[in-house]
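Spelled out from the first residue to the last, the chains are:
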Amino acid sequence: MTDFHGNPCWFELGTGDLDGARRFYAEVLGWQVADAGMEGFTYLLAQADGDMVAGMMALERQAGAPPPNWTIYLAVDDCDQSAELITAAGGTVLKGPADIPGTGRFAVATDPQGAVFGILQPDMSSMSEAELRKAREGGAFNQRKAGHGNWIELMSPDPEAGFEFYSSLFGWTKGQAMDMGEMGIYQLFRRGGTDIGAVMGLGEAPQPAWLPYFGVDGVDAAIARITAAGGRVAHGPQEVPGGAFIAVATDPQGAWFAVVGPR
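I will try to describe carefully the structure that is included in this document. (Residues numbered from 1 in each chain as written. Predicted model: local features only at pLDDT ≥ 70, side-chain atom pairs only at ≥ 80, totals over all residues. Heavy atoms only, no water.)

## A look at the overall build of the protein chain
Here comes step 1: Scanning the protein chain from N- to C-terminus turns up five helices and 16 strands.
Here comes step 2: A compact globule built from 263 residues would reach a C-alpha radius of gyration of about 18 Å, and the protein chain, at 17 Å, matches this within 12%.
Here comes step 3: For the C-alpha atoms alone, the extent of the protein chain along its principal axes is close to 40 × 40 × 40 Å.
Here comes step 4: Counting every position in the protein chain, which comprises 263 residues, the buried fraction comes to 48%.
Here comes step 5: Taking the intrachain contacts of the protein chain between residues at least 6 apart in sequence as the baseline, contacts between residues at least 24 apart amount to 57%.
Here comes step 6: A total accessible area of about 11900 Å² is found for the protein chain, and carbon and sulfur atoms account for 51% of it.
Here comes step 7: Each charge class in the protein chain can be summarised by its mean position, and for the 16 positive and 32 negative side chains these summaries are 5 Å apart. (Helix = DSSP H or I, 4+ residues; strand = E, 2+ residues; numbered from the N terminus. Rg over C-alpha atoms; globule rule 2.2 N^0.38 Å. Buried < 20%, exposed > 50% of the residue type's maximum accessible area, 1.4 Å probe, protein only. Contact = heavy atoms within 4.5 Å. Areas by Shrake-Rupley, 256 points an atom, 1.4 Å probe, with all protein chains shown as cover. Lys, Arg positive; Asp, Glu negative; His and termini not counted. Charge placed at Lys NZ, Arg CZ, Asp CG, Glu CD.)

Take a look at the structure:
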């Protein structure tokens, strides 16, 4: 495996209102959002601190006519091989594998419990040494930078089976397991010795799903911006181990996301 495989590498919003989403996330997360100039359809790219961190597209471009949502992409060494492994492990490939010119090769899938995720084989053929180094240091997922992906969380009806599925594909290992009482176990997982996310039961989630957490410089201020921009805060601020605070919210179109940072 390369030092990219299994790393969260992209976050993609499917929305019914691209202009509204552009304004909302620019205000809440400070993103600079611009049209990617893709032929045939509109795809927006969001940038934070010089890094491309997320994409936005219309819902009708997504498989299965889902509600507004965030999809988390995980980097893979070989997209076609990983798609075959997903199917062999009980998952379902919904879209692809297919090429994105100048970006790489991707597929969208569900795990055996039904949570949707993406895989992306980055096209590194045209990357300079500086670009490769920058990608290794974080790219869209960087726990040291605001406006970037900071944490990923899987809500699953079978958390143990969910973890085993992703671990077999990406080599993730278990970190600390936290007992949340009636909510069950919150199982942290690691990549390369660093905690990058967790697996838990469904809780109040209506269906299996991945939830992206984006870093912010202050959670209270982020909550105020979410509310002012027309979003809804469903949970938080809540302190989490390590001294950070989180809040879980929906954007004005109903897509779920979370923020994490100091109070």
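## Concerning the pairing of strand β13 (residues 209-215)
Here comes step 1: Of all seven residues that make up β13, six are buried, and the element is covered over most of its length.
Here comes step 2: Where strand β9 (residues 149-155) lies against β13, six bridges are found, and the strand directions are antiparallel. Opposite Gly149, over in β13, you have Phe214 as the bridge partner.
Here comes step 3: Direction of pairing for β13 relative to strand β16 (residues 256-261): parallel, over a ladder of three bridges. Bridged to Phe214 within β16 is Val259. (Pairing = 2+ DSSP bridges.)

## Quick notes on the pattern of salt bridges
Here comes step 1: By the definition in use, this model includes seven salt bridges.
Here comes step 2: The partner of Arg105 in a salt bridge is Asp80, with the nearest N and O atoms 2.6 Å apart. Placement of Arg105 in strand β7 (residues 104-110) and of Asp80 in helix α2 (residues 79-88) is noted, with a sequence separation of 25 residues between them.
Here comes step 3: Here Glu160 ties to Lys174 by a salt bridge, and the two come within 2.9 Å at their closest N and O atoms. On the criterion of sequence distance, the pair formed by Glu160 in helix α4 (residues 159-170) and Lys174 in strand β10 (residues 173-179) is long-range, its members being 14 residues apart.
Here comes step 4: Residue Glu160 is classed as partly exposed on the basis of its relative accessible area of 42%.
Here comes step 5: Note on Lys174: relative accessible area 36%, which makes it partly exposed.
Here comes step 6: Linked by salt bridges that have partners in common, Asp49, Asp51 and Lys145 make up one network. (Salt bridge = Lys/Arg side-chain N within 4 Å of Asp/Glu carboxyl O.)

## Some words on the state of the cysteines
Here comes step 1: Under the criterion given, the structure shown has zero disulfides.
Here comes step 2: Unpaired in this structure, Cys9 has its nearest cysteine sulfur neighbour in Cys79, at a distance of 10 Å.
Here comes step 3: What makes Cys79 buried here is its relative accessible area of 0%. (Disulfide = S-S within 2.5 Å.)

## Quick word on the sheet that holds β9
Here comes step 1: Taken in spatial order, the eight strands line up as β10-β11-β12-β9-β13-β16-β15-β14 in an open sheet, and their pairing is mixed. In this open sheet, the two edge strands, each paired with only one partner strand, are β10 and β14 (232-239). Direction aside, neighbouring strands of the sheet carry axes that sit 25 degrees apart on average.
Here comes step 2: In this structure, strand β15 (residues 245-250) lies alongside β16, joined through six bridges in antiparallel fashion. Counterpart to Ala249 in the pairing with β16 is Phe257. (Axes fitted to C-alpha atoms, helices over the stretch in contact; angles between N-to-C directions.)

## Observations regarding the packing of aromatic side chains
Here comes step 1: Scanning the entire structure with this criterion turns up 20 aromatic pairs.
Here comes step 2: Ring centres 5.2 Å apart and planes at 85 degrees place the aromatic pair Tyr166 and Trp210 in the edge-to-face group. Taken together, the residues Tyr166 in helix α4 and Trp210 in strand β13 connect sequence positions 44 residues apart.
Here comes step 3: The class for Tyr166 is buried, based on a relative accessible area of 1%.
Here comes step 4: Seen in terms of ring centroids, Trp172 and Trp210 are 6.2 Å apart; in terms of plane orientation they differ by 80 degrees. Their pairing is edge-to-face. (Phe/Tyr/Trp six-rings, centres within 6.5 Å; stacked < 30°, edge-to-face > 60°.)

## Focus on the sheet that holds strand β2 (residues 32-35)
Here comes step 1: One open sheet accounts for eight strands, arranged β2-β3-β4-β1-β5-β8-β7-β6; its pairing is mixed. Bordering the open sheet on either side are β2 and β6 (92-100), each of which pairs with just one other strand. Along the sheet, successive strands turn relative to each other by an average axial angle of 25 degrees, direction set aside.
Here comes step 2: Relative to strand β3 (residues 43-48), β2 is paired through four bridges, and the arrangement is antiparallel. From the neighbouring strand, Val33 faces β3, where its bridge partner is Ala46.
Here comes step 3: The strands touched by α4 within the sheet are β5 (69-75) and β8 (116-122), with β8 carrying the most contacts at an inclination of about 5 degrees.

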